[in-house]
Amino acid sequence: MTNDKCTHYVDLARNFRPIEEDASEYRSTRELRHMLGTSTESDWETVLKARRAVVLAEAGNGKTEEFKEQARRIASAGDFACFVPVEDLDDRSLEDALDPDDADRFSSWRENNGHGHFFVDSVDEARLTNKSLPRCVRSLQKAIHGHAERATIVISCRWSDWDPNHDIRLLNDKLSLVTHPPAEPEKGEAALIALVQRDQNGGRVEDDDIDDTATTKTKASGFSIYVLESLDDQQRNKFIEAHGIENAANFRQELIKNGLLPLADRPKDLLDFIGYWQNHEQRLGSRTDMLSYVIDKRLTEGNKNRREDSTLAIAELRLGAARIAAAMVLGKTLHIAVDQPAQRNDEQWLDPIALLPERSEAEISSLLRKGVFAPASLGRAKFHHRETMEYLAAVWFKHLLDQGCPYSTVRDQLIAVQVQIFADGIAERSDPCATTAMTGRLNGTMFRSGVS
């Protein structure tokens with residue numbers, strides 16, 4: 001991992017979860033295996049063995065630096081490997097997208113029989129720069145045509161920008177691994193007969209002479225999908241030590257004492273806490289202070305190239321996230337749909353468009369890409385940490401009180417045993433307390449007013 005304060009990569013032995021496995025179950029099993037000494041982690045070796053892989057990760061989790069380091073490591077071992085931004089393939093060939101030295105090595109790879117590794121980062125970058133992902137994929141397909149069986153391809157994407165239907169279909173259609181078994185040499189009398197027949201046919205091979213056994217063994221392998229896991233305790237400690245901060249032991253102790261470990265499970269989170277530590281006389285704030293600090297940091301993360309990232313002020317982002325959090329608490333659900341219109345009628349998932357009707361789909365998508373949200377499974381998201389959700393829900397209820405909503409109304413909503421939050425027939429009201437959270441019929445002025 002590289003950054004402004006630490007310019008060298010830190011090998012954290014990152015872990016990868018197969019997308020089909022539930023995150024909480026995977027982590028529980030992982031911890032149990034660690035305790036029993038039978039851990040079987042999915043690491044980079046597992047990803048590379050897949051030969052065709054997609055790595056999904058939330059922002060700030062270090063996927064780009066991991067890709068660059070893998071390309072460097074493999075190349076230093078003698079095999080061809082390159083890192084290429086996917087958007088660079090939109091209007092140019094792979095050779096033109098690579099620097100001159102890598103382009104020369106790529107040309108040499110195509111002329112020999114060695115294995116090659118292609119680390120392509122990242123699908124979401126192509127979309128934010130209005131590049132054509134199909135055109136980028138075809139460019140890579142054309143570059144390795146005739147040599148695809150010797151190539152390992154790993155492609156990254158933010159989990160929130162991944163289309164589980166269209167994207168995987170595109171990759172499997174254009175870049176799947178097709179392997180052909182080696183032809184078996186003809187033996188004995190069968191070989192002699194074949195030679196005689198070919199001689200009689202002037203060297204031509206008749207259709208009846210073709211053995212299609214090998215053809216039936218041809219195998220096509222699609223892309224495996226993995227999620228880059230958050231940092232565990234050992235990885236977190238190694239990252240802290242690599243940065244050489246003063247009083248590192250005290251820093252780790254304050255993380256533990258203030259209950260901040262769950263909020264420091266990405267490389268970027270640790271960098272933010274380290275920055276806070278260095279700028280506040282080697283002290284971390286209270287859990288409430290640090291929750292607010294982390295939430296604002298995560299809400300302001302973004303790419304300046306994303307147009308929608310620059311249109312929402314921090315107060316608007318915070319209040320939008322707070323409204324979602326309150327809906328989750330009142331609605332007794334932990335999930336919100338992400339770019340899955342077909343699932344918006346599922347009462348177990350919040351519908352973000354109904355919940356934030358005054359916001360455009362682009363603005364809602366921008367909010368759901370922020371680091372306060374994390375992938376639950378394809379098509380849905382949850383808050384990165386439960387306490388983040390609970391804190392933001394409190395922000396929303398405070399906002400209602402600040403807007404003049406009677407205390408008794410907020411109290412009744414919080415203590416109600418059965419909140420009929422999923423009902424579509426709740427009457428709309430124009431007062432500040434009109435909060436039918438699940439259906440999104442919230443007063444639009446509340447969202448725009450911000451939180452002090």
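Look above for the structure.
On a predicted model such as this, the values are computed, not experimentally measured, just so you know.

Draft legend 1. Here's a closer look at helix 11 (residues 233-242). Residues of helix 11 that are buried: Gln235, Arg236, Phe239 and Ile240. End-on, the buried residues of helix 11 take up no more than an arc of 135°, which puts them together on one face. With respect to the buried face of helix 11, the exposed residues turned more than 90 degrees away are Gln234 and Glu241. The N-cap residue of helix 11 is Asp232: its side-chain oxygen and the backbone nitrogen of Gln234 are 3.2 Å apart. With its phi angle positive at about 60°, Gly244 sits one or two positions after the end of helix 11.

Draft legend 2. Region of interest: the environment of Gly114. Residue placement: Gly114 occurs in the loop between helix 5 (100-111) and strand 4 (116-121). Along the backbone, Gly114 and Asp79 are 35 residues apart, and their C-alpha atoms lie at a distance of 7.0 Å.

Draft legend 3. View of the packing of helix 7 (residues 133-143) against helix 8 (residues 166-175). At a minimum axis distance of 10 Å, the contact between helix 7 and helix 8 shows a crossing angle of 25°. On the basis of the axis angle, helix 7 is roughly parallel to helix 8. Regarding helix 7 and helix 8, the two cross each other, and that crossing is right-handed. When helix 7 is examined against helix 8, the residues Leu133, Pro134, Val137, Arg138, Leu140 and Gln141 are found in contact with a partner set consisting of Asp167, Leu170, Leu171, Lys174 and Leu175. Counted by class, the contact of helix 7 with helix 8 contains 7 nonpolar, 1 polar and 3 charged residues.

Draft legend 4. Broad picture of unusual backbone geometry. That bond from Asp121 to Ser122 is cis: its omega, 5°, falls within 30 degrees of zero. Counting through the fold element by element, Ser122 comes out in the loop between strand 4 and helix 6 (123-128). Positive phi is not limited to glycine here, since Asn247 has a value of about 55°. Considering the arrangement of structural elements, one finds Asn247 in the loop between helix 11 and helix 12 (248-257). The exposure class assigned to Asn247 is partly exposed, which follows from its relative accessible area of 42%. In this structure, Glu281 takes a positive phi of about 55° despite not being glycine. Locating Glu281 in the fold gives a position in the loop between helix 13 (267-279) and helix 14 (287-300).

Here is what the cut-offs are and how they apply
Residues numbered from 1 in each chain as written. Predicted model: local features only at pLDDT ≥ 70, side-chain atom pairs only at ≥ 80, totals over all residues. Heavy atoms only, no water. Buried < 20%, exposed > 50% of the residue type's maximum accessible area, 1.4 Å probe, protein only. Helix = DSSP H or I, 4+ residues; strand = E, 2+ residues; numbered from the N terminus. Arc of directions from axis to C-beta. Polar contact = N/O pair within 3.5 Å; in protein donor to acceptor, adjacent residues only side chain to side chain. Axes fitted to C-alpha atoms, helices over the stretch in contact; angles between N-to-C directions. Parallel < 35°, antiparallel > 145°, perpendicular 65-115°, else oblique. Left-handed = near helix turned anticlockwise from the far one by under 90°. Contact = heavy atoms within 4.5 Å. Nonpolar A, V, L, I, M, F, W, Y, C, P; charged D, E, K, R; others polar.

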